[in-house]
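Each chain is listed here by its residues.
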Amino acid sequence: MHTLRTLVIAPWLCALAVVAACSTAPDATVSPVVSEPALGLGATACSPKTNVALAVGAAQRLTDKEAACLNFKAISGSRYLLAYVDTRLVTQAERKAESPWPDSAIVIVDDASGGPFLAAARTQVGTEVGAEALLAIAPHRVLDNAKAFMVPSGCPLLNTFFPFCRTTPYAIGENITHYPGGGRPAGTAQILTIKGNLVVAVFQPDAAVLVPNAKPRADSALTWVAKRNIPLLMRAFSLLNPATTSDESGQLYIALQAASSSSTSWWPDAVNGHGRWARETIALTPTSAFGDVSASYTNALQILGHETTHAYQYRWRYEHGSPWQNALGTGWAVEGGASFLAQEMIRDRLGISFTGNTQFSASSTQDPAFPLIAYGLRVRNFTFGYGDGASLLRDFVQRLVSRGMAFDDAMSLVLLGAMEGWYGINEENQAHGLGLTRRMQQVLGQGWNPTDALLQWTMSEAADDLTANTTYQNVTKRSYNPSTATNTIRPDAEITPGSSVSVSRAPGTSGVFEINAAAGGTYRASSNIIKNGVTPIEWLLLRIK
């Protein structure tokens, strides 16, 4: 008896995407921190002060102690962005898996000038669920909570649900037995098209939804996946063989069927390791890439690219990271990596420069560039993966490309390194590979570390096109009417004299506050988590005006 394991992609992702790039200029000089004792400001004042003396466009890296007493001189029109990152998951990843997650962190910014307004109630500007609640609300995001389907014993010919049962290649027009899962009975599926070793079948009970141009749309998407991206994936993951659904057929089976979401499944093999065989399910609905006649072929390319990437992530674990049972990797690596590569498939297919600082403004699903508008969608929790994780990985590729690395080499390094984990320890506490940190250090130097990289990415998405500092830019995407209220990472709150703000964030994530320093002020930035007298929050300050 074998069990099919499934990794699910959120349905809203079928029409969305994201991308980013890096400047070729070296990182901006970081200003030194200047501290002085507080001068009798009363019990509510902070000490020692970190005096902020930044020119417009200059940045200052802060420890949590330094951020605990920020003193701003009154300068008309001056504004700053204060980015933060919760380092707990990165620190944990040095010795074991990132999961299970600790509780959420509450990040706090208070006026610390000693004025009477500090007695005012704190304003909570955002709340996010902790790890336990996340499991209950969104189990599809937790990779070791995969759905399981029992399959019939034996190995009847044409039973595509049982991976190694297919002994010959499929042929276009062939009718086969398809097992849709989810409690639905088996039925006939017809092979719609084949490109390279990618085979697309349509489950006939759901075929009425299929648009008339489904085959040319699938052909266009599959041709690009097979020509451009499968070679890249095999190179990135050092694979001996392409991902398949059976060794004998040499093909990867992709089923179009009614489903709540698209997914990629693998079959555990206790003898040879998990991930040897895979199967893709593409959700067929009236609004899907194959159900909406007005949608561009790039919508099909996006979802097929995303799910095919998962199949290659499985194959990598089988060839280089076995044995493994359920947890393929972190959400930011697995779903972020699949979303990132799918978006890059579209950008590359359309001939749009990776570092061209393009404005993506498509408004119709008929426009092939429409999925790329997601480059400008709000990013909140990179740890959840998908578009949020893609934004982070794209920033890493940008930094590598800016140092002269070829795009394919940079993509390969980041996709593989992310799957290995920050320090080479995966989500099942196995050590496989160098890890993303060491791989990035080989190119960017030993000073590269995850905490600084997360802060740099956060600030880049928050300050994009608002600063002349080339370090903090997304040069793939040019913001339309950029502002702190519309950029990809938006401030949790605006900090002004009298502010008392707290925001609850998922563990390991990052964010940013906007500080209006026109009237000056002294602020205490901290969190509710204190260990050995310090918090696990670290900070980066940038003056944008």
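Residues numbered from 1 in each chain as written. Predicted model: local features only at pLDDT ≥ 70, side-chain atom pairs only at ≥ 80, totals over all residues. Heavy atoms only, no water.

Asks: Quick rundown of the packing of helix H4 (residues 214-236) against helix H5 (residues 297-320)? Include the residues and the values.
Replies: One can describe the packing of H4 onto H5 by two numbers: an axis separation of 9 Å at closest approach and a directional angle of 35°. For H4 against H5, the interelement crossing comes out right-handed. Counting all contacts with H4, which are made through Arg 217, Ser 220, Ala 221, Leu 222, Trp 224, Val 225, Ile 230, Leu 233 and Met 234, the residues of H5 involved are Tyr 297, Ala 300, Leu 301, Leu 304, Gly 305, Thr 308, Thr 309 and Tyr 312. Each residue belonging to the contact of H4 with H5 can be placed in one class, and the counts come to twelve nonpolar, four polar and one charged. (Axes fitted to C-alpha atoms, helices over the stretch in contact; angles between N-to-C directions. Helix = DSSP H or I, 4+ residues; strand = E, 2+ residues; numbered from the N terminus. Left-handed = near helix turned anticlockwise from the far one by under 90°. Contact = heavy atoms within 4.5 Å. Nonpolar A, V, L, I, M, F, W, Y, C, P; charged D, E, K, R; others polar.)

Asks: Let's hear about the packing of helix H8 (residues 407-420) against helix H9 (residues 436-444): which residues, and what values?
Replies: With their axes 7 Å apart at the nearest point, H8 and H9 run at an angle of 145° to one another. In contact with Leu 413, Val 414, Leu 416, Gly 417, Ala 418 and Glu 420 of H8, H9 contributes Leu 436, Arg 439, Met 440 and Val 443. For the contact of H8 with H9, the class distribution of residues is seven nonpolar, one polar and two charged.

Asks: Kindly report on the environment of Tyr 314, identifying the contributing residues and their values.
Replies: Inspection of the secondary structure assignment puts Tyr 314 in helix H5. Along the chain, Tyr 314 and Ser 265 lie 49 residues apart, while their C-alpha atoms are 9.0 Å from each other. Within polar-contact distance, the side chain of Tyr 314 engages the backbone oxygen of Thr 264 at 2.9 Å. (Polar contact = N/O pair within 3.5 Å; in protein donor to acceptor, adjacent residues only side chain to side chain.)

Asks: Tell me about empty space enclosed by the protein, and please be specific about residues and values.
Replies: Applying the stated criterion across every chain yields a total of three cavities of 30 Å³ or more. Estimates place the volume of the largest cavity at around 60 Å³. If you trace the largest cavity, you find it lined by Arg 378, Val 379, Arg 380, Trp 457, Ile 489, Arg 490, Asp 492, Arg 505, Ser 510, Gly 511 and Val 512. The element that contributes the greatest number of residues to the lining of the largest cavity is strand S18 (residues 510-516), accounting for three residues. (1 Å grid on protein atoms, 1.4 Å probe; cavity = no way out; pocket = protein on both sides within 12 Å on 5 of 7 lines; lining within 4 Å. Points joined across faces, edges and corners; volume = space filled by probe spheres on them.)

Asks: Go over unusual backbone geometry, please, and point to the residues and values.
Replies: The amide bond that connects Ser 99 to the next residue, Pro 100, takes the cis arrangement and shows omega of 0°. Residue position: Pro 100 is located in the loop between helix H2 (88-92) and strand S7 (105-111). With an omega of 0°, the peptide bond between Ser 322 and Pro 323 qualifies as cis. Positioned with a positive phi, Tyr 386 is a non-glycine residue whose angle comes to about 55°. As for its position among the elements, Tyr 386 is in helix H7 (residues 386-402). Positive phi, close to 50°, is recorded for Asn 481, a residue that is not glycine. In this structure, Asn 481 sits in the loop between helix H10 (450-463) and strand S16 (494-495).

Asks: How would you explain the pattern of salt bridges if you had to name every residue and give the values?
Replies: The tally for this structure, following the rule as stated, stands at 20 salt bridges. Among the ionic pairs, Glu 514 bridges to Arg 79, the shortest N-O distance being 2.9 Å. Of this pair, Glu 514 sits in strand S18 while Arg 79 sits in strand S6 (residues 79-86), and the two are 435 residues apart along the sequence. On the basis of relative accessibility, which here comes to 9%, the residue Glu 514 falls in the buried class. Between Asp 464 and Lys 477 there is a salt bridge, and its shortest N-O distance comes to 3.4 Å. Taken together, the residues span a long stretch of sequence, with Asp 464 in the loop between H10 and S16 and Lys 477 in the loop between H10 and S16 at a distance of 13 residues. The pair formed by Asp 464 and Lys 477 is uniform in burial state, with each residue classed as buried. (Salt bridge = Lys/Arg side-chain N within 4 Å of Asp/Glu carboxyl O. Buried < 20%, exposed > 50% of the residue type's maximum accessible area, 1.4 Å probe, protein only.)

Asks: Let's hear about the state of the cysteines: which residues, and what values?
Replies: As enumerated under the stated definition, the model contains one disulfide in all. Here Cys 46 engages in a disulfide with Cys 69; their sulfurs sit 1.9 Å apart. Where Cys 46 bonds to Cys 69 through sulfur, the torsion about that S-S bond is close to 70°, and the disulfide is right-handed. With Cys 46 in the loop between strand S2 (34-36) and strand S3 (49-52) and Cys 69 in the loop between helix H1 (64-67) and strand S5 (70-72), the pair connects residues that are 23 residues apart, well separated along the chain. You can call Cys 46 buried: its relative accessible area is 5%. (Disulfide = S-S within 2.5 Å.)

Asks: Run through the confidence of the model for the protein chain, naming residues and quoting values.
Replies: Averaged over all residues, the pLDDT of the protein chain is 84; the fraction at 70 or higher stands at 83%. Across residues 8-43, confidence stays below pLDDT 50; counting only partners more than four residues off in sequence or on other chains, it has 120 contacts. Low confidence marks residues 117-121, where pLDDT is under 50. Its contacts with residues over four positions away, or in another chain, come to seven contacts. (pLDDT = per-residue confidence, 0-100.)

Asks: Could you give an account of the packing of aromatic side chains, with specific residues and numbers?
Replies: What characterises a pair of aromatic rings is the spacing of the ring centres plus the angle enclosed by the ring planes. Scanning the entire structure with this criterion turns up 17 aromatic pairs. Each ring, one from Trp 266 and one from Tyr 314, has its centre 4.7 Å from the other, and the planes form 55°; the classification is tilted. Note that Trp 266 is positioned in strand S14 (residues 263-266) and Tyr 314 in helix H5, a separation of 48 residues in sequence. Owing to a relative accessible area of 1%, Trp 266 belongs among the buried residues under this scheme. Three or more aromatic residues link up through ring pairs in this structure, and these residues are Trp 332, Phe 382, Phe 396, Trp 422, Trp 448 and Trp 457. One residue, Arg 347, lies across the ring of Phe 407, its end atom 5.2 Å from the ring centre. (Phe/Tyr/Trp six-rings, centres within 6.5 Å; stacked < 30°, edge-to-face > 60°. Lys NZ or Arg CZ within 6 Å of the ring centre and 35° of its normal.)

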